[in-house]
Amino acid sequence: MDQTTIVCPHCGQPFEISEAIRHQLDAALQQAKGEQQARLRQEYERRGAEQTQAAVREALEEARMRNQLELEKLRRANEQSQLQTRQLQQDQKQLMDELLKAQRERDDAARAAQKQLLEQAQKLREEAAQKAAEDFSVRLREQEHTIQTLREQLTNAKLVAEQGSQQLQGEILELDMEQALRAAFPGDGITEVRKGERGADIRQVVNERAYTDCGLILWECKNAKTYQAAWLPKLREELMDEKARFGVIVFQPTAGGGDDFKQLDENIYLVKPRFAVMVAGFLREVCIRVAIAARNAQGKDVKLEMMYDYLTGTEFSARIRAIVESYDELSRQLEQEKKQAQKRWAAQEKILRRATASLYGMSGDLQGIAGREIIALPGEEDDPLSLPPEEI
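Read on for a plain summary of the structure. (Residues numbered from 1 in each chain as written. Predicted model: local features only at pLDDT ≥ 70, side-chain atom pairs only at ≥ 80, totals over all residues. Heavy atoms only, no water.)

Focus: the sheet that holds strand β7 (residues 261-263)
Judged by pairing direction, the sheet is mixed, and its 6 strands sit side by side in the order β3-β4-β5-β6-β8-β7 without closing on themselves. Among the strands making up the open sheet, the edge pair consists of β3 (189-192) and β7. Within this sheet the neighbouring strands show an average axis-to-axis angle of 20°, counted without direction. Pairing between β3 and strand β4 (residues 202-208): 4 bridges, direction antiparallel. Looking at β4, one finds that isoleucine 190 is bridged to glutamine 204. Those strands touched by helix α2 (residues 231-242) are β4, β5 (211-224), β6 (246-253) and β8 (268-271), and its axis lies near 160° from that of β5. Seen against the sheet, helix α3 (residues 276-296) touches β4, β5, β6, β7 and β8 and runs at an angle of roughly 155° to β5. (Pairing = 2+ DSSP bridges. Helix = DSSP H or I, 4+ residues; strand = E, 2+ residues; numbered from the N terminus. Axes fitted to C-alpha atoms, helices over the stretch in contact; angles between N-to-C directions. Contact = heavy atoms within 4.5 Å.)

See below:
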């Protein structure tokens with residue numbers, strides 16, 4: 001067996017032991033060591049638990065003390081809060097009493113002010129109504145004066161428009177006749193008599209190739225409702241002054257009707273515009289033949305007498321009337337143009353009527369606002385410019 005020497009811890013003497021004993025001793029030492037460690041661990045844990053419990057008790061005690069202090073503070077605060085609450089309730093009650101008193105005073109003052117305002121407003125309304133009635137009466141008188149002025153201006157405008165229209169249509173008729181004669185007889189001397197100069201509207205000197213100045217034809221262009229007897233002596237005097245051979249009044253009646261062709265005097269004729277060029281052709285032919293006969297001096301008196309008889313006889317008029325029938329289509333066209341002109345005048349008159357109708361509408365509106373205090377305008381039935389409702 002292996003021998004092992006150990007030293008006694010007490011006496012210090014070495015001695016040998018066997019391997020088995022050594023193992024037993026080691027095991028005993030290990031066990032003793034473990035038991036000692038266990039005891040030490042238990043003691044540590046016990047002391048630790050005791051220290052923990054003591055710390056917990058101290059903490060609990062400290063917490064209890066703090067809680068008691070906090071509770072005391074809260075109790076004191078609660079008592080102070082209750083005192084403040086009671087004071088606030090008293091203050092609030094006093095404030096409510098003061099507010100109610102102030103509200104009653106304000107209501108009384110407001111009712112008094114409202115009553116005063118109502119009285120002032122009533123007074124102002126009465127004054128305003130009186131002033132408005134006075135102002136409106138003034139404006140109404142001004143309006144009546146304006147309406148009267150408008151009526152007079154409208155009447156004057158109608159007269160001026162009718163005169164201007166007739167004058168304009170007469171000038172247009174004169175220009176049309178001048179252009180038509182120039183186009184139909186380019187060799188003749190067609191001259192216009194300017195406005196303000198004495199004489200007819202158009203002078204036509206008849207020329208035919210080698211025969212010049214075969215005769216003078218005077219043309220008067222008239223645009224009126226009816227034929228006027230004063231036209232004939234005026235043209236007769238102009239024929240004498242101009243030593244003209246023939247005179248023609250081109251008459252376009254605005255009212256319609258009238259003769260297409262009529263002999264007014266020995267050498268004066270009345271004709272509508274659509275037959276003027278045709279009549280000019282016959283009169284030119286007469287002028288040319290008379291001029292040729294006069295220049296040739298062959299049977300002068302006989303030919304002149306024959307020509308005079310032809311012009312004043314029924315055959316000449318019958319031929320012209322036969323030719324007149326071929327111009328019916330042109331007559332219808334002129335009637336259409338006349339209707340279009342009448343429509344334009346009707347549209348302008350309707351605009352003026354609407355202005356008057358608007359004035360009556362404004363008067364009605366003002367009567368609806370101010371009542372019977374407003375002076376009403378004359379009834380529309382008395383107004384020459386009044387319109388039926390469906391035309392306004």
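The rest of the description comes next.
Structural notes on the pattern of salt bridges
Per the counting criterion, the structure on display carries 20 salt bridges. Arginine 75 serves as the salt-bridge partner of glutamate 79, at 2.8 Å between the closest nitrogen and oxygen. Of this pair, glutamate 79 and arginine 75 both sit in helix α1 (residues 19-184), 4 residues apart, roughly one helical turn. Look at glutamate 79 and you get partly exposed, because its relative accessible area is 40%. With relative accessibility at 39%, the residue arginine 75 sits in the partly exposed group. Between glutamate 220 and lysine 222 there is a salt bridge, with its nearest N and O atoms 3.8 Å apart. Comparing glutamate 220 with lysine 222 shows no difference in burial state: the two are buried. Three or more residues are tied together by salt bridges with common partners; here these are Glu43, Arg46, Arg47 and Glu50. (Salt bridge = Lys/Arg side-chain N within 4 Å of Asp/Glu carboxyl O. Buried < 20%, exposed > 50% of the residue type's maximum accessible area, 1.4 Å probe, protein only.)

Digging into a nonpolar patch on the surface
A cluster of nonpolar side chains, contributed by Leu95, Met96 and Leu99, occupies part of the molecular surface with about 270 Å² of accessible area. Following the sequence through the fold, leucine 99 ends up in helix α1. Note on leucine 99: relative accessible area 43%, which makes it partly exposed. (Patch = residues over 30% accessible without salt bridge, like charges linked within 9 Å, V, L, I, M, F, W, Y side chains within 5 Å. Areas by Shrake-Rupley, 256 points an atom, 1.4 Å probe, with all protein chains shown as cover.)

Topic: the nonpolar core
Counting residues in each nonpolar core, the largest one holds 28 residues, and the members touching the most others are Met177, Leu181, Ile217, Trp219, Val250 and Val271. Broken down by secondary-structure element, the contributors of at least two residues to this core are α1, β4, β5, β6, β8 and α3. Considering every element that reaches this core, the biggest residue donor is α3, with 10 residues. With sequence-adjacent residues up to four places away left out, isoleucine 217 is seen in contact with Ile202, Arg203, Gln204, Val206, Phe246, Val248, Leu283, Arg284 and Cys287. In this structure, Leu216, Leu218, Leu239 and Leu270 belong to the second largest nonpolar core, which totals 14 residues. (Core = buried A, V, L, I, M, F, W, Y, C linked by side-chain atoms within 4.5 Å.)

A look at unusual backbone geometry
One non-glycine residue with positive phi stands out, namely aspartate 213, at about 50°. Note that aspartate 213 resides in strand β5.

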